[in-house]
Amino acid sequence: MTSTLTISHLTKRFDGFTALNDVSFSVAPGSRVALLGHNGAGKSTMMKIILGLIAGDGGSITVCNAAPGSAEARAQVAYLPENAAFHPALTGEEQLRQYLRLRGENPAQAMALLDRVGLAHAARRRIGTYSKGMRQRVGLAQALIGHPRLLVLDEPTSGLDPVSRRDFYALLDGLAAEGAAILLSSHALTEVEARTDHILILSKGVLVAEGALVDLRRRAALPIVMTVVPQPGQGADLAAALPGAVPVGGAYQITCPQEEKLALLGRIATLGVADLEVTPPSLEDIYSHFSRRDGQ
Amino acid sequence: MTLNRILATTGTEFRIAVRNRWVAIATALMVVFALVLAAAGAAPTGDVGVDRLSVTVASLTSLSVYLVPLLALLMSFDAIAGEVERGTLPLLLTYPIPRVEILLGKLFAHLVVLTLAVGAGYAAAGAAALLVDGASIAGLPALWRLTWSSVLLGATFLGAGYALSALARRPSGAAGLAVGLWLGLVVLYDLGLLAAVVANDGGRFTTEVFPLALLANPADAFRLFNLSAAEATAAAAGVGGAAATIPLWQSAASVLLWPLIALFLATAAFRRVRP
Ligand SMILES: Nc1ncnc2c1ncn2[C@@H]1O[C@H](COP(=O)(O)OP(=O)(O)OP(=O)(O)O)[C@@H](O)[C@H]1O
Ligand SMILES: [Mg+2]
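Parameters at a glance
- Residues numbered from 1 in each chain as written.
- Chains lettered and ligands numbered in written order.
- Predicted model: local features only at pLDDT ≥ 70, side-chain atom pairs only at ≥ 80, totals over all residues.
- Heavy atoms only, no water.
- Helix = DSSP H or I, 4+ residues; strand = E, 2+ residues; numbered from the N terminus.
- Rg over C-alpha atoms; globule rule 2.2 N^0.38 Å.
- Buried < 20%, exposed > 50% of the residue type's maximum accessible area, 1.4 Å probe, protein only.
- Contact = heavy atoms within 4.5 Å.
- Areas by Shrake-Rupley, 256 points an atom, 1.4 Å probe, with all protein chains shown as cover.
- Lys, Arg positive; Asp, Glu negative; His and termini not counted.
- Charge placed at Lys NZ, Arg CZ, Asp CG, Glu CD.
- Near = heavy atom within 4 Å.
- Polar contact = N/O pair within 3.5 Å; in protein donor to acceptor, adjacent residues only side chain to side chain.
- Nonpolar A, V, L, I, M, F, W, Y, C, P; charged D, E, K, R; others polar.
- Donors = N, O, S within 2.8 Å, 3.2 Å for Na, K, Ca; no water.
- Pairing = 2+ DSSP bridges.
- Axes fitted to C-alpha atoms, helices over the stretch in contact; angles between N-to-C directions.
- Salt bridge = Lys/Arg side-chain N within 4 Å of Asp/Glu carboxyl O.
- Phe/Tyr/Trp six-rings, centres within 6.5 Å; stacked < 30°, edge-to-face > 60°.
- Patch = residues over 30% accessible without salt bridge, like charges linked within 9 Å, V, L, I, M, F, W, Y side chains within 5 Å.
- Left-handed = near helix turned anticlockwise from the far one by under 90°.

The name that an unreviewed UniProt entry assigns to chain B is NosY permease, with the source organism given as Gemmobacter lanyuensis.

For chain A, an unreviewed UniProt entry supplies the name ABC transporter ATP-binding protein and the organism Gemmobacter lanyuensis.

Structure (structure tokens):
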């Protein structure tokens, strides 16, 4: 299986300032990849280079077996810009009809596409009257035109309400199941954690971590947090048996390294415990771990 | 396929022009000015043997040489700079269309608007002349020639406007450049030439450089073409003397070539825009 997108040793400088430094990764067909990083990390810059809007200064990129920005690549890649903007005097339907015709598709699909992003009711209103989330959905609708092999989505869920976000990820699942590769950037870590297969973390233009969430979790080797609720009257004994436990409300919190988890669980089970909760490090923890390590 | 893509842009741009009231403004402007000229031309001129419409065409030529470039530049200066400012350009450039097709799509839409405006204005003036003077039928070929050469003049300045729009990348800057180009080519150029001719007093500049200088300016070539084609009224205009010495085919060639040159310049400038 060949990759839809392959980037090797990509570097980009803006008059002396290095926005991307020796970045390499690839995106396989059908995979959903999240690009994370602080403001100014280089996410949007990387996407613009993948689309051929700006040129890199070093390294090589292959998009759908073609050069970025070539007619062949553009025919197979869909893009949602960071702040999707459209001419305010056009209606949503007119705008989509134009995009459909530019891709050589039947403009009659415009309504069906708007319906897929929940915008059919406003299709005949001017985009100038749309809310931010509605404009974002016009952007999503145009990214669904045809059967793109690669979708490059820059903060696709910014401005969407919680229900729309869920619908959006359901849409992505469908596209990925059909074999489309998806690269999206986001600051909403919790949703990315649940809905993507692969994670890239950029920090100051450097790719500091890459892999599936479980791999990253193992590599970060962050401690696990256990929350133990003692049986009535057993609190003092429990605290004595578990040095290092921090009282939180009526419970105690203990942190331990990944490899000591099972031994500790065994020990806790012998004590007078009413309830026990194990919290693995969240993507937020992993993200902070990796972006701090190389970022400073 | 390619034509369909170009026409997709044309349809959108035309819709935007209608909603921005450009069609209404341009048409009203041309009709009002044309009718004012037709009414002014109705005063007895003493030109025996020249029909009313031919007189009107001569004054319409002088009007259009100012108004058509102005309308074309007003419609085109925002074409690329506006997309940059609105933030719509990056997405558009990721679509599988060559940049020249985007420009052609906009050009066709703006040309339709310009043709509607010029056509309505000239038709009104022509009808007014025909109503007063039945012999005006003799002037219809001149009116037709004025119409299509006005559309070509418009195409030249639309292309120039796109080029400035791409160079400036900001609507305010593009507007400034467009005003500068209009003043330079339509007003100052002729004043400069006139001053040079007067100072030269019939020397080599007047006989050799001056005709070339007229042909090199699309606005002057347009005036020259329409006036030398209607020699009867040539004397009425400022460049009449020069019009007599330059063959018709040369001014016609300039009128035909300039739109292509302008489109080429616009494409070259647009290709250099990095979103
Ligand atoms: N055209 C440009 N000229 C100069 N510097 C630029 C240019 N475009 C981007 N940069 C710089 O490159 C860096 C990366 O910017 P980029 O937009 O890729 O960040 P980002 O990761 O998308 O951030 P955010 O999360 O805020 O969207 C920033 O420091 C930015 O200032
Ligand atoms: Mg960004």
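A. Local environment of the overall build of chain B. Along the backbone of chain B there are 12 helices and zero strands. In sequence order, chain B lays out its α and β elements as α-α-α-α-α-α-α-α-α-α-α-α. For a compact globule of 275 residues, the expected C-alpha radius of gyration is about 19 Å, and chain B comes in at 20 Å, within 12% of that figure. The C-alpha extent of chain B, read off along each of the three principal axes, is 60 × 45 × 30 Å. By the burial criterion, 53% of the 275 residues in chain B qualify as buried. Partitioning the intrachain contacts of chain B with sequence separation of at least 6 by distance along the chain shows that 83% fall at a separation of at least 24. Accessible area of chain B: about 11700 Å², with a carbon and sulfur share of 71%. For chain B, the separation between the mean place of its 16 positive charges and that of its 13 negative charges on side chains is 16 Å.

B. Region of the structure containing the site of ligand 1. Residues and elements named next belong to chain A. Close contacts around ligand 1 come from 14 residues, with Gly-40, Lys-43, Ser-44, Thr-45 and Glu-82 the closest. Within the side chain of Lys-43, an N or O atom sits 2.6 Å from an oxygen atom of ligand 1. Within the contact set of ligand 1, an oxygen atom lies 2.5 Å away from a side-chain nitrogen or oxygen of Glu-82. Here ligand 1 loses 62% of its free accessible area of 640 Å² to cover by the protein chains. Among the elements of the structure, β2 (17-27) and α1 (43-51) are those that each provide at least two residues to the shell around ligand 1. The biggest single contributor to the shell around ligand 1 is α1, with three residues. A breakdown of the residues in the shell around ligand 1 according to their chemical character gives four nonpolar, seven polar and three charged.

C. Representation of the coordination of the magnesium ion (ligand 2). Donor atoms from the polypeptide that coordinate the magnesium ion (ligand 2) comprise Ser44(A) (OG) and Glu82(A) (OE), at 1.9 to 2.4 Å from the metal. In this pair, Ser44(A) sits in helix α1 while Glu82(A) sits in the loop between β5 (77-80) and α3 (92-102), placing the two residues 38 residues apart along the sequence.

D. Quick peek at the pairing of strand β10 (residues 224-230) of chain A. Residue and element names in this part refer to chain A. Counting buried residues in β10 gives five out of seven residues, a clear majority hidden from the surface. The sheet contact formed by β10 and strand β12 (residues 251-256) spans five bridges and is antiparallel. By the bridge assignment, Met-226 is partnered in β12 with Ile-254. In terms of strand pairing, β10 meets strand β13 (residues 273-279) through six bridges, oriented antiparallel. Residue Thr-227 lies in a different strand from β13, and its bridge partner there is Glu-277.

E. Representation of the sheet that holds strand β9 (residues 206-211) of chain A. Residues and elements named next belong to chain A. The strand order across the open sheet built from six strands is β5-β6-β7-β3-β8-β9, with neighbouring strands paired in mixed fashion. Every interior strand has two partners, whereas the edge strands, β5 and β9, have only one. Within this sheet the neighbouring strands show an average axis-to-axis angle of 15°, counted without direction. As judged from the five bridges shared by strand β6 (residues 150-154) and strand β7 (residues 181-185), these two strands associate in the parallel manner. Bridge pairing links Leu-150 to Ala-181 in β7. Its contacts with the sheet place α1 against β3 (32-37), β5, β6, β7 and β8 (198-203), and it is angled at close to 150° to β6. Together, β3, β6 and β7 form the strand contacts of helix α6 (residues 162-177), whose direction differs from that of β7 by roughly 150°.

F. Molecular detail of the interface of chain A and chain B. With 25 residues of chain A at the interface, the matching set in chain B holds 23 residues. In this assembly, chain A and chain B are joined by two salt bridges. Residue Glu94(A) is joined to Arg19(B) by a salt bridge in which the shortest nitrogen-to-oxygen separation is 2.9 Å. Put simply, the parts of the chain that give the side of chain A that touches chain B at least two residues each are α2 (71-76) and α3 of chain A. Here the residues of the side of chain A that touches chain B are counted per class, giving 15 nonpolar, five polar and five charged.

G. Main features of the environment of Gly184(B). Residues and elements named next belong to chain B. Mapping Gly-184 onto the fold places it in helix α8 (residues 171-200). Gly-184 sits in the partly exposed class, given a relative accessible area of 26%. The spacing of Gly-184 and Pro-218 is 34 residues in sequence and 12 Å in space, taken between C-alpha atoms.

H. How the structure looks around the packing of aromatic side chains. Counted according to the given criterion, the structure contains four aromatic pairs over all chains. Centroid distance Tyr99(A) to Tyr95(B): 4.9 Å. Interplanar angle 20°. Geometry classified as stacked. Of this pair, Tyr99(A) sits in helix α3 while Tyr95(B) sits in the loop between α5 (89-93) and α6 (99-132), placing the two residues on different chains. Given a relative accessible area of 0%, Tyr95(B) falls into the buried group.

I. Looking closely at a nonpolar patch on the surface. All names here are of chain B. A surface patch of nonpolar side chains, about 510 Å² in accessible area, is lined by Leu-257, Leu-260, Ile-261, Phe-264 and Leu-265. With respect to the helices and strands, the residue Leu-265 is situated in helix α12 (residues 248-271). Taking relative accessible area as the criterion, Leu-265 reaches 46% and is therefore assigned partly exposed.

J. The side chain of Arg137(A), seen in detail. Residue and element names in this part refer to chain A. For Arg-137, the position within the fold is in helix α5 (residues 132-143). Arg-137 sits in the buried class, given a relative accessible area of 18%. Every residue in contact with Arg-137, bar those within four places of it in the chain, is listed here: Val-117, Gly-118, Leu-119, Leu-160, Asp-161 and Ser-164.

K. Focus on the packing of α6(B) against helix α7 (residues 140-168) of chain B. All names here are of chain B. At a minimum axis separation of 9 Å, α6 and α7 run at an interaxial angle of 145°. Classified by chirality, the crossing of α7 by α6 is right-handed. Here α6 contributes Leu-103, Lys-106, Leu-107, His-110, Leu-111, Leu-114, Thr-115, Val-118, Tyr-122 and Gly-126 to the contact with α7, which in turn contributes Leu-143, Leu-146, Thr-147, Ser-150, Val-151, Gly-154, Ala-155, Leu-158 and Tyr-162.

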